[in-house]
Structures are given as C-alpha cells and as structure tokens.
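Observations on the three-dimensional arrangement
Spelled out from the first residue to the last, the chains are:
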Amino acid sequence: CWECIKCPVGSISTEYSSQNCSQCPEQHMSSEEGTACLPLPVINITWSDTSAVIFTILTAVGLFGTCMTFAIFLKNQDTPLVKASNRELSFFLLFTIALCFVLTLLHLTQPSKVLCCIVYPWRYFVSTACVSVLFLKTNRLVQAFQTKIIPNWFRHYVVDPRRQFLVVILLNIVEVILTVLWLAIDPPHEHQEVRPQTHVFHTCLPFRTRVGMILRAVMFSYFIFLSLAASIYAFKARHLPENFNEARYIGCAMYVLLISWFSFYPVDSSLEGFYTTIVACATALVTAYGLL
C-alpha cells in the first residue's frame, strides 16, 4: 500500500509519483510545489536600495564639502590664518577625510577578493592617519603658546613644518607594518553566508586563522591608543585663547571618531547580515563628517 508525501524542504521531484527526491544544489531552494530548484535570493544591499541611495547622497555631499574646503584653503594658502592653522597638515587631513567618505562607497560595492583586501586596511590606515595629523596640529598649537604639555625632545619636530610629515610617517609606520603582515599571512577574504531555503549574503571576513585575528586586534588597539592620547591632549589644551584654539574642535572630532569605532568594531567582529554593511557605512560617514 503506497502513500504519496511531499518531498522534504530543499529537495524536489520532477515526476509525478516518483519514488525518489533530488536534493537542490547549494545556494538553491525548492519551490513551493517542490518541483524546481530556485536560486536563493541575495540580500546584499544594491545601489538601487533606499539605504544605498541615502548613503551615496550623504557621501557626495561630504566629498563636495571637503573639496570646497580644500579650494578655500588653497585660494587663501598665503594668508596668516591658513598659515597659522598649519596648511600642509590641513591639506593632508582634508585628503584623508575624502578617503573616509570614499570608504562608504567601498562598503556598498559587491564584495570580492581584491575589495576585501582593500576595505579593511583602508579603514584602519585612513583613521590612524587622521588621528596622527590631529595629534600633531594640537601639539604645534600648544607649543606656539609655550604650554609645557609635550616632552622637550618632541618639540623640535612638531614645530618644524619640514619634519612634521616625518612624525606623521613614524606614527603610521606601525599600522603599515601590521597591514603588510596581515595581507601576507592571513588576508581578508570573500565569504558567502548561505541560509538554506532563506538567502545568500556575500561579505568580507577579516581573517581565517588566529594569527589574523591577533594582527587585527593589535591594529585596533594601536589606533585606539593613539586616538585616546590625541583626545586627552586636546582636552588638556582646551583653555587656550579662543581665537587660536583648535583643540576643542579637535577634541569633539576625536570623541565622535571614538564613538563610531566603538560602535563599528563589535558589530563587525561578531554579527552577520546586511545590517553590518549599514553599520559600516554609517560609522564611516559619522567619522568623516566629524573630522570635516
């Protein structure tokens, strides 16, 4: 005595009264009738999604504001005000802020092997570069008023404009070395999160082994250490005369940057799904606008 039953979820039968069911391939699901295998929907954010359009508009506005600021600084580069604000470091800071805005567009792009190796180091390196510039700008400002906050051996380097970029390079060389080791030993890679009968999500994972996890944690720790040092230094310099005081604005930018990073890192390290892209884009924009 025979009894007809439906094929289990994820398998199909193409013939009526067949005695066997065929399993659907990976990244496919069975139709409601159980007669055909259909591709799983991809839930990655596309450029036509509402959230992607909003992020793109905000990025375009931020890049436009950065370019306008750069043009104003360039036009008035020989004025005392621009010279006093350290125009060389200001130009470099505006360039790194523009790279922060571009990071949002990279997060919205479909992940690939090459893109994954770019996005993760990009965020760490650009953020560290911004923090190092703000640290030097505050040092130079405080030194101009002969405030004894910085060590004597460091003053000669932060006051001389020709050697400031050397200090910037030295502050960022740690991240560069760690990035090279990260990409050589255990680089970020593309990963497909498959939920049977539900969806597929393409994402980038920062590492495969414990070595990669340690290298990433060290890069994050160094960046946070430098950010906290810059924040504390800006806080100490907040009482300088108002017309010459960038420290309070730098402090505000550093607080925004730290909050955005403390929001991004746990989500990126432990959670999965399309909302990680939203968090990554939002924190990158908040950081960029705060610095601008």
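Being a predicted model, the structure only gives us computed values, none of them experimental.

**Quick look at the environment of R163**
On the secondary structure map, R163 appears in helix α6 (residues 161-185). Measuring from C-alpha to C-alpha, the distance between R163 and L74 comes to 21 Å, with 89 residues separating the pair along the chain.

**Considerations on helix α9 (residues 275-291)**
Taking 1.5 Å of rise per residue, the 17 residues of α9 would be expected to cover 24 Å, and the 24 Å separating its terminal C-alpha atoms lies within 8% of that figure. Within the span of α9, buried status applies to T276, T277, A280, C281, T283, A284, L285, T287, A288 and L291.

**Topic: the pattern of salt bridges**
Enumeration over the complete set of coordinates arrives at 3 salt bridges. Between R87 and D78 there is a salt bridge whose closest N-O contact spans 3.1 Å. Judged by its relative accessible area of 56%, D78 falls in the exposed class. Of the charged contacts in the structure, one is a salt bridge between R216 and D268, with a shortest N-O distance of 2.5 Å. Within this pair, whereas R216 is found in helix α7 (residues 210-236), its partner D268 is found in helix α8 (residues 247-270), the two being separated by 52 residues in sequence. Here R216 matches D268 in class, with each residue buried. The network of salt bridges with common partners includes D78, R87 and E88.

**Focus: a nonpolar patch on the surface**
A cluster of nonpolar residues, F125, I169, I173, V174, V176, I177, V180, L181, I185 and V211, forms a patch on the protein surface that exposes about 800 Å² of accessible area. When residues in the nonpolar patch are grouped by element, the largest group, 8 residues, is from α6. Residue position: V211 is located in helix α7. The class for V211 is partly exposed, based on a relative accessible area of 41%.

**Some words on the side chain of S227**
On the secondary structure map, S227 appears in helix α7. In this view, S227 contacts V131, M254, L257 and L258; residues no more than four positions away in its chain are not counted.

**As for the pairing of strand β6 (residues 199-205)**
With respect to burial, β6 is a largely interior element, 6 of its 7 residues being buried. Both strand β5 (residues 189-195) and β6 contribute to a ladder of 7 bridges, which runs antiparallel. Residue E193 lies in a different strand from β6, and its bridge partner there is F201. The turn linking β5 back onto β6 is made up of 3 residues, and Q197 within it adopts a positive phi angle of 60°.

**A few points about the nonpolar core**
Y124, V131, M254, L257, W261 and L291 are the most contacted members of the largest nonpolar core, which has 48 residues in total. Going through the elements one at a time, α1 (50-75), α3 (87-108), α4 (113-144), α6, α7, α8 and α9 are the ones with two or more residues in this core. Dropping the residues within four chain positions of it, L291 is found in contact with I97, C100, C130, L134, A253 and L257. Counting 5 residues, the second largest nonpolar core, distinct from the first, contains L106, L115, V119 and A284.

**Focus: the state of the cysteines**
In total, this model carries 3 disulfides according to the counting rule given. Two residues, C7 and C21, share a disulfide whose sulfurs are 2.1 Å apart. A torsion of -85° about the S-S bond marks the disulfide between C7 and C21 as left-handed. Linking C7 in the segment before β1 (11-12) with C21 in the loop between β1 and β2 (22-23), this pair joins segments that are 14 residues apart in sequence. The disulfide bridge from C24 ends at C37, spanning 2.1 Å between sulfur atoms. Across the disulfide from C24 to C37, rotation about the S-S bond amounts to roughly -90°, and the bridge is consequently left-handed.

**What to know about the side chain of H189**
Take H189: it is sitting in strand β5. The exposure class of H189 is buried, given its relative accessible area of 10%. Aside from chain neighbours lying at most four places away, what touches H189 is C116, T203, C204, L205, F207 and R208.

**Quick word on the packing of α8 against α9**
Contact geometry of α8 with α9 gives a least axis separation of 9 Å together with a crossing angle of 170°. One finds that α8 runs roughly antiparallel with respect to α9. Contact residues: A253, V256, L257, S260, S263, F264 and V267 in α8; T276, V279, A280, T283, V286, T287, G290 and L291 in α9. Here the residues of the contact of α8 with α9 are counted per class, giving 9 nonpolar, 6 polar and no charged.

Reading the values: the criteria
Residues numbered from 1 in each chain as written. Predicted model: local features only at pLDDT ≥ 70, side-chain atom pairs only at ≥ 80, totals over all residues. Heavy atoms only, no water. Helix = DSSP H or I, 4+ residues; strand = E, 2+ residues; numbered from the N terminus. Expected span 1.5 Å × (residues − 1). Buried < 20%, exposed > 50% of the residue type's maximum accessible area, 1.4 Å probe, protein only. Salt bridge = Lys/Arg side-chain N within 4 Å of Asp/Glu carboxyl O. Patch = residues over 30% accessible without salt bridge, like charges linked within 9 Å, V, L, I, M, F, W, Y side chains within 5 Å. Areas by Shrake-Rupley, 256 points an atom, 1.4 Å probe, with all protein chains shown as cover. Contact = heavy atoms within 4.5 Å. Pairing = 2+ DSSP bridges. Core = buried A, V, L, I, M, F, W, Y, C linked by side-chain atoms within 4.5 Å. Disulfide = S-S within 2.5 Å. Axes fitted to C-alpha atoms, helices over the stretch in contact; angles between N-to-C directions. Parallel < 35°, antiparallel > 145°, perpendicular 65-115°, else oblique. Nonpolar A, V, L, I, M, F, W, Y, C, P; charged D, E, K, R; others polar.

Interpretation in functional terms is not warranted from these geometric data alone.
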